[in-house]
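Listed below are the residues making up each chain.
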Amino acid sequence: MLNINLGREICGNLDIAASREWLVTNGMGGYACGTVAGVLTRRYHGLLVAALQPPLGRTLMLTKLEEIVHYDQQVYSLSTDRWADGSVNPQGYRYIEHFALEGTVPTWRYACADALLQKRIWMRPGANTTYVQYELLRASQPMALFVKSLVNYRDHHGCIRSWGWQMAVERVSQGVQVTAFAEAVPLYLLSSQAEVLTLHDWYYNFDLAIERYRGLSDREDHLHAATFHLTLNPGESLTIVASTAPEPELNGTQALKQHQSREQKLLNLWRTSRPIGAKEPPGWLHQLVLAADQFIVDRTVPASVSGAASESEGELEATGLNGKTILAGYPWFSDWGRDTMISLPGLTLTTGRSEIARLILRTFAQYVSQGMLPNRFPDAGEEPEYNTVDATLWYFEAIQQYYKATQDDDLLAELFPILAEIIDWHCRGTRYNIHLDPADGLLYAGGPGLQLTWMDAKVGDWVVTPRTGKPIEVNALWYNALRTMAKFARLLGKPHQEYEAIADRTLARFVRFWNADLGYCYDVLDTLDGDDASLRPNQIFAVSLPNSPLTAVQQRGVVDACSPASSR
């Protein structure tokens, strides 16, 4: 496997090291992330951002650990903090000799005189639990290690000031329990080895440079709740565990072996799914396979499908949640229907995890409403939002890609009635004026003030890119979905003629999109202001989908027009 390695030339430069970020995840929507330098620059940086309502309810609980080393009669502060007055103190980045990403585990090595201290961070799959392990790799004498824990309790999008906030910090067996307020989920900071001292000391005015760049609040306070202390001899290690569970596994060595074993299983699944005789892939592909797994998370589904499917033999233990989904991106986004269906083949099928793809497709089937897939699931756990026109149509293509890879007739038969219902709703009309125009067989969507395609930026009542009407990629997806349905119907021995007829009509009128004078397609037909001839990349989908409604000459024109080398 190809590891990512950074030396002193990167780690010792604060500006560069603060711009390099790492991420670890737990398969529930929870995560930990930060900078190579260790300095906080975003409100999303933290060692335990727990998914309290998986995959959402993401809450910052442990912000960071600040390490102080006593070695050979010297004191070394290994953490790095930037404050509101612009000062940087301490400047622990200067001691970072090496940073590496070993699989998905960020790993630092700090040089303190002739001693070398290694730090690793990872999370336990299926649990809001973060491990931070310190190992003394080299030393000529014992090293005293003190680790301060800075905690918080807020939505990961938030940013708070303490204003006299009193958290409950209590000693428990092998550590401390921090309860932010009466109704809060407790945080457990534990170690089977170290001595622990409880405190309640707020650190004020951390500077968050990226939030300032974004025009948001750039000051925050965090609570010093406990300090762990242990003297290490060469070859010895200390593991600190942060968890919402009162009794997590505390053996860091064992937990790390389990984590590494899981990563190896993911790589083995991918290898066994590759074609026989395929060339040995470059090392960086191993990293992408592991990165793909970070976006696949649990989602509870309605009781109607509880226990409906299990993970594949190559997967680890079940997490207790019975559905799967894909997060649209860390750290901001939840799971979005459009993003999930577009990314599903790459994240699951090409990595040898077709059973995960199956779970995702079945999970989203339970959320189909009035013939529509959700656009997104809000962070606060409200009802899903159905304000998109294309997410549902991407569902057809995701199922087609899954069937091509698996020939899973059982799932196809199970989902076919839902797909038929989706087609029916679109023909007769559903939310947001989404309907099939009987005049030309093209799909219309939207109205004043609405933004239903992926170009959905809106500021107040201002729709940045109005695309009400008949967007080209939506109708390309619609045509592809109809041909796909006809194929599915034939495979299942069901009537297919109606889907073919609708598709034929759509194909016959799709020629309206071709702008012969410009040599490429209109972006939107029948907008509130007529046809929109803006040159946008949306038309490329009319070429790339399996069932293209364009002629070969038109496809070439579209590709040429959308090419960066185009002189247009």
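Notes on the structure follow. (Residues numbered from 1 in each chain as written. Predicted model: local features only at pLDDT ≥ 70, side-chain atom pairs only at ≥ 80, totals over all residues. Heavy atoms only, no water.)

## Considering the layout of surface pockets
By volume, the largest pocket amounts to about 370 Å³. Along its surface, the largest pocket is lined by 21 residues, and Arg20, Glu21, Trp22, Leu23 and Leu101 are the ones closest to its centre. If you list the elements that add at least two residues to the lining of the largest pocket, you get β1 (4-6), β2 (21-25), β9 (96-102) and α5 (283-293). Looking at the lining of the largest pocket, its residues break down into 13 nonpolar, five polar and three charged. (1 Å grid on protein atoms, 1.4 Å probe; cavity = no way out; pocket = protein on both sides within 12 Å on 5 of 7 lines; lining within 4 Å. Points joined across faces, edges and corners; volume = space filled by probe spheres on them. Helix = DSSP H or I, 4+ residues; strand = E, 2+ residues; numbered from the N terminus. Nonpolar A, V, L, I, M, F, W, Y, C, P; charged D, E, K, R; others polar.)

## Considering the pairing of strand β3 (residues 31-35)
In terms of residue burial, β3 counts as a mostly covered element, since five of its five residues are buried. By the alternation rule, side chains of β3 split into Tyr31, Cys33 and Thr35 and Ala32 and Gly34, which are all buried. Here β2 runs beside β3; their pairing, made up of five bridges, is antiparallel. Note on β3: the bridge partner recorded for Thr25 is Tyr31. The hairpin formed by β2 and β3 contains five residues between the paired strands, and Gly27 there has a positive phi angle of roughly 75 degrees. (Buried < 20%, exposed > 50% of the residue type's maximum accessible area, 1.4 Å probe, protein only. Pairing = 2+ DSSP bridges.)

## Structural notes on a nonpolar patch on the surface
On the surface, Val459, Trp462 and Val464 cluster together into a nonpolar patch covering about 300 Å² of accessible area. Turning to its location among the elements, Val464 is positioned in the loop between β25 (462-463) and β26 (470-471). (Patch = residues over 30% accessible without salt bridge, like charges linked within 9 Å, V, L, I, M, F, W, Y side chains within 5 Å. Areas by Shrake-Rupley, 256 points an atom, 1.4 Å probe, with all protein chains shown as cover. Salt bridge = Lys/Arg side-chain N within 4 Å of Asp/Glu carboxyl O.)

## Observations concerning helix α13 (residues 552-562)
Of all the residues in α13, the buried ones are Gln554, Gly557, Val558 and Ala561. Looking down the long axis of α13, one finds its buried residues gathered within 100 degrees of arc, a one-sided arrangement. What points out from α13, more than 90 degrees from its buried face, is the exposed set Ala552 and Arg556. (Arc of directions from axis to C-beta.)

## Comments concerning the sheet that holds strand β14 (residues 168-172)
In a beta sheet, neighbouring strands are held together by backbone hydrogen bonds and run either parallel or antiparallel to one another. Spatially, nine strands are ordered β1-β9-β10-β11-β12-β19-β16-β15-β14 in an open sheet, and the strand pairing comes out antiparallel. For this open sheet the edge positions go to β1 and β14, each flanked by a neighbour on one side alone. Taking each pair of neighbouring strands and ignoring which way they run, the sheet shows an average axis angle of 15 degrees. Where helix α4 (residues 252-273) meets the sheet, its contacts fall on β9, β10 (105-112), β11 (115-123), β12 (129-138) and β19 (237-243), and the angle it forms with β11 comes to roughly 60 degrees. (Axes fitted to C-alpha atoms, helices over the stretch in contact; angles between N-to-C directions. Contact = heavy atoms within 4.5 Å.)

## So, the packing of aromatic side chains
Two measures describe an aromatic ring pair: the distance that separates the ring centres and the angle between the ring planes. Summed over all chains, the structure comprises 16 aromatic pairs. Relative to Tyr330, the ring of Tyr31 has its centre 5.8 Å away and its plane inclined at 70 degrees; by these criteria the two rings are edge-to-face. With Tyr31 in strand β3 and Tyr330 in the loop between β21 (324-326) and α6 (337-349), this residue pair connects regions lying 299 residues apart in the sequence. The exposure class of Tyr31 is buried, given its relative accessible area of 0%. Ring plane angle 80 degrees and centroid distance 5.0 Å describe the contact between Tyr367 and Phe377, whose orientation is recorded as edge-to-face. Of this pair, Tyr367 sits in the loop between α7 (354-365) and α8 (391-406) while Phe377 is found in the loop between α7 and α8, placing the two residues 10 residues apart along the sequence. Residue Tyr367 shares its accessibility class with Phe377, and that shared class is buried. Grouping aromatic residues by their ring pairs yields a cluster made of Trp22, Phe99 and Trp108. (Phe/Tyr/Trp six-rings, centres within 6.5 Å; stacked < 30°, edge-to-face > 60°.)

## Thoughts on the sheet that holds strand β29 (residues 524-527)
Pairing in this open sheet of three strands is antiparallel, and the strands run β26-β29-β30 from one edge to the other. Taken across any chain shown, the strands that pair with only one partner, and hence form the sheet edges, are β26 and β30 (530-532). Where β26 lies against β29, two bridges are found, and the strand directions are antiparallel. Its bridge partner lying in β29, Lys470 is registered against Leu525.

## Comments concerning the packing of α7 against α8
Viewed as axis vectors pointing N to C, α7 and α8 meet at an angle of 150 degrees, and their least axial separation amounts to 11 Å. Classified by the interaxial angle, the pair formed by α7 and α8 is roughly antiparallel. Crossing geometry of α7 relative to α8 is assigned as left-handed. Judged by residue contacts, Ser354, Ala357, Arg358, Leu361, Phe364 and Ala365 of α7 engage Tyr395, Ala398, Ile399, Tyr402 and Thr406 from α8. When grouped by side-chain class, the residues that make up the contact of α7 with α8 number eight nonpolar, two polar and one charged. (Parallel < 35°, antiparallel > 145°, perpendicular 65-115°, else oblique. Left-handed = near helix turned anticlockwise from the far one by under 90°.)

Any link to function would need more than the numbers given here.
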